[in-house]
Amino acid sequence: MTDSIINAKVIVTCPGRNFVTLRLETSDGLTGVGDGTLNGRELAVATYLQDYICPLLVGRDPEQINDTWQYLYRGAYWRRGPVTMCAIAAVDMALWDIKAKRAGMPLYQLLGGRARNGVMVYGHANGRDIPQVLDEVAAYLDHGYQAVRVQVAIPGLDAVYGVSENRTFYEPATVGERPQESTWSTEAYLRFIPSLFEAVRERHGFGFRLLHDAHHRLTPTEAAKLGKRIEDYDLFWLEDPTPAEDQDAFRIIKQHTVTPIAVGEVFNTIWDCQRLISERLIDFIRVTPVHAGGVSHVKRIAEYADLYGVRTGFHGATDMSPVCLAAALHLDISLPNFGLQEYMTHTEQTNEVFPHSYRFENGFLHPGEEPGLGVDIDEKLAARYPYRKAYLPVNRLLDGSMHNW
Ligand code: EZ4
Ligand code: CO
């Protein structure tokens, strides 16, 4: 008799921040976990899973991942969108976890095995001023990192994206009944930001990959101007220069600068980046398993990107749970066109709730050799950290108009 799913459970926990996890159990006694966390909108995915997907999973053959994916995607009629795709992603990851456990192999072996020895990751140096960022970069380099993203506060602006009070942990979502408000001036940013890259290269040289995230705030012309202005500082990538849904904007940027562009953390499907990839308008695609339909769909996007010389740079901020990070690492180590993996360490409580086999060593992450994803959830411990409502910030220009956060 074939194995079947006998239990599908949604676990919402807040060990420092909120996570939504799907845990499946099969009649053969196997279990699998999948991440369904959508920062600031977590309960929408939890409900989608609990009320609409879990009842459909019970009784299904866990081995037929392709059929289950299509059943949930086509079967919803309402295609794409972050809530639906996070829910499908959670199922997909959990099923790959089960399949690899049954095979007795770490997931990357089922994806064809290793294409490299380890997964290079980038760390996050940030600070209230340039000297503080320079010290942070030094700390990351001392730790063995070979790639560092830099973000700095902009004089005259409050609560700028990517700048944190906590030196080891950056969490933009804040607990409360309303989002925090931050302010923005593109003029102030463009005047100041090149001096950060100049200072970093002057003090630390060119022997590591330097990255920066503009977080969807510029117009195509402003982004083109910035990219051109900072070419000598040799960034590995400039991320999300403009809002990602306007794919044509990237043609303007590409016409003016050879600063590499990374985009896609807000994409949910291959359709969102089809033109960006096929027209070579970006250099790195930043989709990640949780937000883009799981291991199956992200693999498809990465393979499509490879045809056009676009490399991967998967999103890996703290709102991707250890389950999603592990899934990303199995892809990273096996894909020919891997570029770089984002890595932001989780809180100690998060690491305890999600015991895992991946480990950091000298600037690289290794997925580990445990069968499956190599991550589990400690449900008893998870229950000690109940959900706390939290929102991502909103962003206003100095005259009060809403801007992109
Ligand atoms: O703002 O993950 O590159 N990383 C990022 C992140 C995102 C958050 C949103 O939940 O842009 O910091
Ligand atoms: Co980003």
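Criteria and cut-off values
- Residues numbered from 1 in each chain as written.
- Chains lettered and ligands numbered in written order.
- Predicted model: local features only at pLDDT ≥ 70, side-chain atom pairs only at ≥ 80, totals over all residues.
- Heavy atoms only, no water.
- Near = heavy atom within 4 Å.
- Polar contact = N/O pair within 3.5 Å; in protein donor to acceptor, adjacent residues only side chain to side chain.
- Areas by Shrake-Rupley, 256 points an atom, 1.4 Å probe, with all protein chains shown as cover.
- 1 Å grid on protein atoms, 1.4 Å probe; cavity = no way out; pocket = protein on both sides within 12 Å on 5 of 7 lines; lining within 4 Å.
- Sits in = over half its atoms within 2 Å of the grid points.
- Nonpolar A, V, L, I, M, F, W, Y, C, P; charged D, E, K, R; others polar.
- Donors = N, O, S within 2.8 Å, 3.2 Å for Na, K, Ca; no water.
- Buried < 20%, exposed > 50% of the residue type's maximum accessible area, 1.4 Å probe, protein only.
- Points joined across faces, edges and corners; volume = space filled by probe spheres on them.
- Helix = DSSP H or I, 4+ residues; strand = E, 2+ residues; numbered from the N terminus.

Caption draft 1: Spotlight on the site of ligand 1. Near ligand 1 you find 14 residues, and of these Tyr 161, His 215, Glu 239, Glu 265 and Asp 319 are the closest. Within the contact set of ligand 1, an oxygen atom lies 2.9 Å away from a side-chain nitrogen or oxygen of Asn 39. In this structure, His 215 approaches ligand 1 through a side-chain N or O atom, which is 2.8 Å from an oxygen atom. About the coverage of ligand 1: the protein hides 95% of its 330 Å² of free accessible area. With respect to the detected pockets, ligand 1 is housed in the largest pocket. Split by residue class, the shell around ligand 1 holds four nonpolar, three polar and seven charged.

Caption draft 2: Molecular detail of the coordination of the cobalt ion (ligand 2). Around the cobalt ion (ligand 2), the protein supplies Asp 213 (OD), Glu 239 (OE) and Glu 265 (OE) as donor atoms, at distances of 1.9 to 2.2 Å. Classification of Asp 213 by relative accessible area gives buried; the value is 2%. Take Glu 239: its relative accessible area is 0%, and that puts it in the buried class.

Caption draft 3: Seen up close, empty space enclosed by the protein. Evaluation of the coordinates by the stated rule reveals two cavities of 30 Å³ or more. Space inside the largest cavity adds up to approximately 70 Å³. Together, 13 residues line the largest cavity, and Gln 151, Val 160, Tyr 161, Tyr 189 and Asp 213 are the ones closest to its centre. For the lining of the largest cavity, the secondary structure elements donating two or more residues are strand 5 (147-152), helix 6 (186-204) and strand 8 (209-213). Across the lining of the largest cavity, the residue classes break down as eight nonpolar, three polar and two charged. A volume near 30 Å³ is recorded for the second largest cavity. Every element with two or more residues in the lining of the second largest cavity is listed here: helix 2 (65-75) and helix 3 (82-103). Taken together, the residues that form the lining of the second largest cavity break down as six nonpolar, one polar and one charged.

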